[in-house]
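Structural characterization, general
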Amino acid sequence: MSRPVRFNISPIPADPKNNIALANTPEGFTGEGFFATKLGDVVGLARKNSIWPLPFATSCCGIEFMATMASHYDLARFGAERLGFSPRQCDLLMVMGTIAKKMGPILKQVYLQMSEPRWVMAVGACASSGGIFDSYSVLQGIDQIIPVDVYVPGCPPRPEAILDGFMRIQDLVGQETLRRRNSENYKALMGSYGIE
Amino acid sequence: MALTNETIKARLIEKFADQVSQFEEPYGLLTFEAPKDLNLKVLQFLYDEDELKFRFLTDLTAVHYPGQPGRELAVVYHLHNLVDNIRIRFKIFTAIEKPDVFTATKLFSAANWMERETFDFFGVNFQGHPNLKRILNVDEMDYFPMRKEYPMEDQTRRDKDDAMFGRG
């Protein structure tokens, strides 16, 4: 009872001379030998194409992330070539897996050790909302303790879904204003989580 | 002569007379019960005897029977004779008001964390344990979650939307 194959039927052969993707230039004013644009756009472009993620992989979603990092789905295409396991050196905290209530303070400690600008991605149902584990020991979503930017639903989400979440993070990073982290709104948000 | 369940049962009755009781063999695993004050004596006997040699503690857990007043908490030991490959299950029952049981840590080091887990989830107080505190749950938890009166869901959630959970 197999269905006919619908995707990748006529694959495009790899072209070694034409396989480098270039990022689009931001809007700006060009002239002879100069290009003027907003600083925020340039900084955002640089940041979004070189995010260093911190994989906080706890359970099954961590395995899907390993598949995403491997060659078939390749996260390195998006600039996340270097994964760090030290929060001091990373931009994006990817929480993948079930977080128990006992793990909560540890996750918060890892988040606090990251330096601004930092983003958080909750991968999978357990990190987003506790998933199928509606129990006394599982934290019902990491947004109870840290602010989250992107949620990737799924149990586990397919690697394509994790990549889609990563691309949404890239959109957020590219469009963030340089002064967002100093604004009143942001301080209020951090205050609601008890973070200075 | 190979060690069999009948031999083990005969040795236990010979040593402890009528204090060991409730001999059963569900799925071929010899199971028996003893009063809770004798638990260390029975474990030591099963450990020391050269014919019995139950020197490996596979599991130590508890079961809560709310319908048996005076015998609500059962502490279950699973022992294994590695040489002859025979397993045995040993149960002791204790009342829930005073769930004090002697610790098996001196005999089996594995009992250390297993007893902590049993304390964490059922509230069995192991006397003589070197470090009896919660192991898997948060330290501030004030109840014993695996007892039958507590539901699995966390009762302090405020974000459970009735519509999303199919309750109108």
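Residues numbered from 1 in each chain as written. Chains lettered and ligands numbered in written order. Predicted model: local features only at pLDDT ≥ 70, side-chain atom pairs only at ≥ 80, totals over all residues.

Regarding the overall build of chain A
- The helix and strand inventory of chain A stands at six helices and six strands.
- Beginning at the N terminus, the succession of helices and strands in chain A can be written as β-β-α-β-α-β-α-β-α-β-α-α.
- On the principal axes, the C-alpha backbone points of chain A span a range of 60 × 60 × 25 Å.
- For chain A, long-range pairs separated by at least 24 residues make up 78% of all intrachain contacts whose partners lie at least 6 apart in sequence. (Helix = DSSP H or I, 4+ residues; strand = E, 2+ residues; numbered from the N terminus. Contact = placed C-beta atoms within 7 Å.)

Observations regarding the pairing of strand 1 (residues 28–31) of chain A
Residue and element names in this part refer to chain A.
- Note: strand 1 against strand 2 (residues 34–37), four bridges, orientation antiparallel. Among the inter-strand pairings, Gly31 is bridged to a residue of strand 2, identified as Phe34.
- The antiparallel pairing of strand 1 with strand 2 creates a hairpin that spans two residues between the two strands, and Gly33 there sits at a positive phi of about 80 degrees. (Pairing = 2+ DSSP bridges.)

Considering the interface of chain B and chain A
- In this assembly, seven residues from chain B lie in contact with seven residues from chain A.
- For the side of chain B that touches chain A, the class distribution of residues is three nonpolar, one polar and three charged. (Nonpolar A, V, L, I, M, F, W, Y, C, P; charged D, E, K, R; others polar.)

Brief notes about the nonpolar core
- Among the nonpolar cores identified, the biggest contains 35 residues, and Leu92(A), Leu93(A), Met94(A), Val95(A), Met121(A), Ala122(A) and Val123(A) are the most heavily contacted of them.
- Those elements that provide at least two residues to this core are strand 3 (53–57), helix 2 (60–69), strand 4 (92–96), helix 3 (104–113), strand 5 (119–123), helix 4 (125–129), strand 6 (150–152) and helix 5 (159–175) of chain A.
- Of all hydrophobic cores here, the second largest spans 29 residues; its members include Leu46(B), Leu79(B), Phe119(B) and Val124(B). (Core = buried A, V, L, I, M, F, W, Y, C linked by C-beta atoms within 7 Å. Buried ≥ 20, exposed ≤ 12 C-beta atoms within 10 Å, placed from the backbone.)

Focus on the confidence of the model for chain B
- Mean pLDDT over chain B stands at 91; residues scoring 70 or higher make up 99%.
- Scoring of the predicted complex yields 0.85 for pTM and 0.81 for ipTM. (pLDDT = per-residue confidence, 0-100.)

Things to note about the environment of Val123(A)
Residues and elements named next belong to chain A.
- Note that Val123 resides in strand 5.
- A residue is classified by how many C-beta atoms lie within 10 Å of it, and Val123, with 30 of them, is buried.
- Each C-alpha atom, one on Val123 and one on Met96, is 4.8 Å from the other, the two residues being 27 residues apart in sequence.
- Discounting residues that sit within four places of it in the chain, Val123 has contacts with Cys61, Phe65, Met94, Val95, Met96, Val152, Pro157, Ile162 and Gly165.

Quick notes on the environment of Gln140(A)
- Secondary-structure assignment places Gln140(A) in the loop between helix 4 and strand 6.
- Sequence separation of Gln140(A) and Cys126(A) is 14 residues, and the distance between their C-alpha atoms is 7.4 Å.
- Once residues lying within four places of it in the same chain are set aside, the contact partners of Gln140(A) are Ser129(A), Gly130(A) and Arg157(B).

Considerations on the packing of helix 2 of chain A against helix 5 of chain A
Residues and elements named next belong to chain A.
- Following both chains from N to C, one finds helix 2 and helix 5 inclined at 80 degrees, their axes separated by 9 Å at the closest point. The pairing of helix 2 with helix 5 is recorded here as roughly perpendicular in orientation. Across the interface between the two elements, Glu64, Phe65, Ala67 and Thr68 from helix 2 touch Pro159, Ile162 and Leu163 from helix 5. (Axes fitted to C-alpha atoms, helices over the stretch in contact; angles between N-to-C directions. Parallel < 35°, antiparallel > 145°, perpendicular 65-115°, else oblique.)

Regarding the sheet that holds strand 1 (residues 21–24) of chain B
All names here are of chain B.
- What the five strands build is an open sheet, ordered 1-2-5-4-3; its pairing is mixed. What marks the edges here is a single partner per strand, and that holds for strand 1 and strand 3 (56–64). Direction aside, the axes of adjacent strands within the sheet are offset by 15 degrees on average.
- In this structure, strand 3 lies alongside strand 4 (residues 73–81), joined through eight bridges in antiparallel fashion. When the bridges of strand 4 are listed, Thr61 appears paired with Val76.

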